[in-house]
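The chain contents come next:
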Amino acid sequence: MDINKIGVIGAGQMGTGIAEVCALAGIDVALNDISEERVNAGLGVIASHLARQVERQQIEPAARDAALGRIKPALDYDAFSDRDLIIEAASENEELKRKIFAKLCPSLKPETMLASNTSSISITRLASVTDRPERFIGIHFMNPVPRMQLVELIRGIVTENTTFEAAKALISRLGKTFTVSEDFPAFIVNRILLPMINEAIYTLYEGVGSVEAIDTAMRLGANHPMGPLQLADFIGLDTVLSVMQVLHEGLADSKYRPCPLLVKYVEAGWLGRKTQRGFYDYRSGTPIPTR
Ligand SMILES: CC(=O)CC(=O)SCCNC(=O)CCNC(=O)[C@H](O)C(C)(C)COP(=O)(O)OP(=O)(O)OC[C@H]1O[C@@H](n2cnc3c(N)ncnc32)[C@H](O)[C@@H]1OP(=O)(O)O
Ligand SMILES: NC(=O)C1=CN([C@@H]2O[C@H](COP(=O)(O)OP(=O)(O)OC[C@H]3O[C@@H](n4cnc5c(N)ncnc54)[C@H](OP(=O)(O)O)[C@@H]3O)[C@@H](O)[C@H]2O)C=CC1
C-alpha cells in the first residue's frame, strides 16, 4: 500500500520530527497528543524548525508553507479514520503504548498499518494488543529526525511482508536509510548506545570525571558530535532510564542496571532539555553543568 496519509500520536520531540519530515516529503499528517494545547505546541515547534531550515537556505519558503499546510491537528482518533499508517511516538512506557494501540484500532480502516517509534519495547508485545498484528511494525527514527539518516525497522513475529515493504518505501521516500533489527530489547542502536550513556553517568556518579570532562573527552577523544551526558539530556533522561530498564529486565543482566544518579535525576523531574535541567541547566540559555 502507498502511504500518503499518516497519523502521528505524540507531539513531543520525535512525533514533531516525524511529522515534519513526512510533511516535507508530501505526505498528509494528522498530529495527536493528549490535549489541543500539546498539539498546538507541537505545531509551533515544527514551524520553528522549518523556519530554521529556510533561514539556512536548506528549503525554500514555498516548501515550508506547503509542508505546514499538510499537517493538521488530530484531537481524537476519529481524525485517523482515513489514514494509511499510524506512527505512535508517545512516551517510552509499555503500558501507555498498549493502551493507545488498544483504544486506537476501532477508529481505523481495516487496512491501516500501525507502527511504533519505540526505542526499545517489544514490537511483538505491542502488536499483540491490536486487531492487526500482521500490519504492525517498528519504525524507529533517530533524534533529531530531520538530521539523522538512520531509521531502524523491527518486524514483530507476525509482521507481514507487505507491511515491511510499505515501511521500506516510506523510509526511501523520506530520503533515509534503514537497517533491520530483530525484535529484541532496544534493537541495535540503543542496545549499544544507551549502555554507553549509562556508563558515562556511572563515570560521573563514581567521581571519575566532571560533566564537562566526560563530555569533552568523548567529543574530542572519540569524535562524538555530542558528549554522552549532553546527548542524554537531548534524548530525555526519562527515555534513557526507560530503555535501560527494558534492557535490564529483558536481558536479565546486571550490566544494564540503570545508574542510581540517573534514577535520582528522573525522580527529581530533571529530564534534560525538555525540562530545562538534567546534567546541564539550560535555563540561562548557556548550558551549565548541574554537578
Ligand atoms: C534514543 C533513541 O531511541 C535513539 C536515538 O535517537 S539516540 C540519539 C541519536 N542522535 C545523536 O546521536 C545526535 C548527535 N548529535 C548530532 O548529530 C548533532 O549535534 C546534531 C545533528 C543534533 C546537531 O548538529 P550541529 O550541526 O552540530 O548543530 P546545529 O545544526 O548547529 O544545531 C545546533 C542545535 O540545534 C539542535 N538541532 C539541530 N537540528 C535540529 C533539528 N532538526 N531538530 C531538533 N534539534 C535540532 C542541536 O541539538 C543543537 O541544539 P542547541 O542549539 O540548543 O545546542
Ligand atoms: N528522545 C529520543 O532521542 C528518541 C525517542 N524515541 C522514542 O520516541 C517516543 C517518544 O519519545 P520523545 O518524543 O522523546 O518523548 P517526549 O516526551 O518528547 O514526547 C512524548 C509525547 O507523547 C505525549 N503523550 C503521552 N501520553 C500520550 C497519549 N496517550 N496520547 C498521545 N500523546 C501522549 C507526551 O505528553 P506528556 O508530556 O504530556 O505526557 C509527549 O508530548 C518514545 O517511545 C521514545 O523512546 C525514539 C528515538 C529517539
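Residues numbered from 1 in each chain as written. Chains lettered and ligands numbered in written order. Predicted model: local features only at pLDDT ≥ 70, side-chain atom pairs only at ≥ 80, totals over all residues. Heavy atoms only, no water.

1. Here's the deal with the nonpolar core
Nonpolar side chains in soluble globular proteins generally cluster together in the buried interior.
Part 1 of the reasoning: One finds I6, L85, I139 and F141 to be the most contacted residues of the largest nonpolar core, which totals 36 residues.
Part 2 of the reasoning: Ignoring any residue separated from it by four or fewer positions in sequence, one finds I139 in contact with L85, A115, S116, N117, V151, E152, L153, A167, L170 and I171.
Part 3 of the reasoning: If you look at the next biggest cluster of nonpolar residues, it comprises 28 residues, including A200, I214, L231 and L261. (Core = buried A, V, L, I, M, F, W, Y, C linked by side-chain atoms within 4.5 Å. Buried < 20%, exposed > 50% of the residue type's maximum accessible area, 1.4 Å probe, protein only. Contact = heavy atoms within 4.5 Å.)

2. A short note on the confidence of the model for the chain
Part 1 of the reasoning: Of the residues in the chain, 100% have a pLDDT of 70 or more, and the chain-wide mean is 98.
Part 2 of the reasoning: Two summary scores accompany this predicted model of the complex, namely pTM at 0.97 and ipTM at 0.94. (pLDDT = per-residue confidence, 0-100.)

3. Digging into the packing of aromatic side chains
Part 1 of the reasoning: Within this structure, the stated rule accounts for 6 aromatic pairs.
Part 2 of the reasoning: Pairing F101 with F136 gives two aromatic rings, centres 4.8 Å apart and planes at 65 degrees, and the pair type is edge-to-face. Here the residue F101 occupies a position in helix α4 (residues 94-104), and F136 occupies one in strand β6 (residues 136-141), the gap between them amounting to 35 residues. Summarising the burial analysis for this pair, F101 and F136 share the class buried. (Phe/Tyr/Trp six-rings, centres within 6.5 Å; stacked < 30°, edge-to-face > 60°. Helix = DSSP H or I, 4+ residues; strand = E, 2+ residues; numbered from the N terminus.)

4. Some remarks on the site of ligand 1
Part 1 of the reasoning: Close to ligand 1 lie 19 residues, the nearest being S119, H140, N143, R147 and N190.
Part 2 of the reasoning: In the model, an oxygen atom of ligand 1 is placed 2.6 Å from a nitrogen or oxygen of the R147 side chain.
Part 3 of the reasoning: Between ligand 1 and R273 there is a distance of 2.9 Å, counted from an oxygen atom to a side-chain nitrogen or oxygen.
Part 4 of the reasoning: Considering ligand 1 on its own, with 1,000 Å² of exposed area, one finds that the protein chains cover 70% of that surface.
Part 5 of the reasoning: Only α2 (36-55), α7 (189-205) and α9 (228-235) provide two or more residues apiece to the shell around ligand 1. (Near = heavy atom within 4 Å. Polar contact = N/O pair within 3.5 Å; in protein donor to acceptor, adjacent residues only side chain to side chain. Areas by Shrake-Rupley, 256 points an atom, 1.4 Å probe, with all protein chains shown as cover.)

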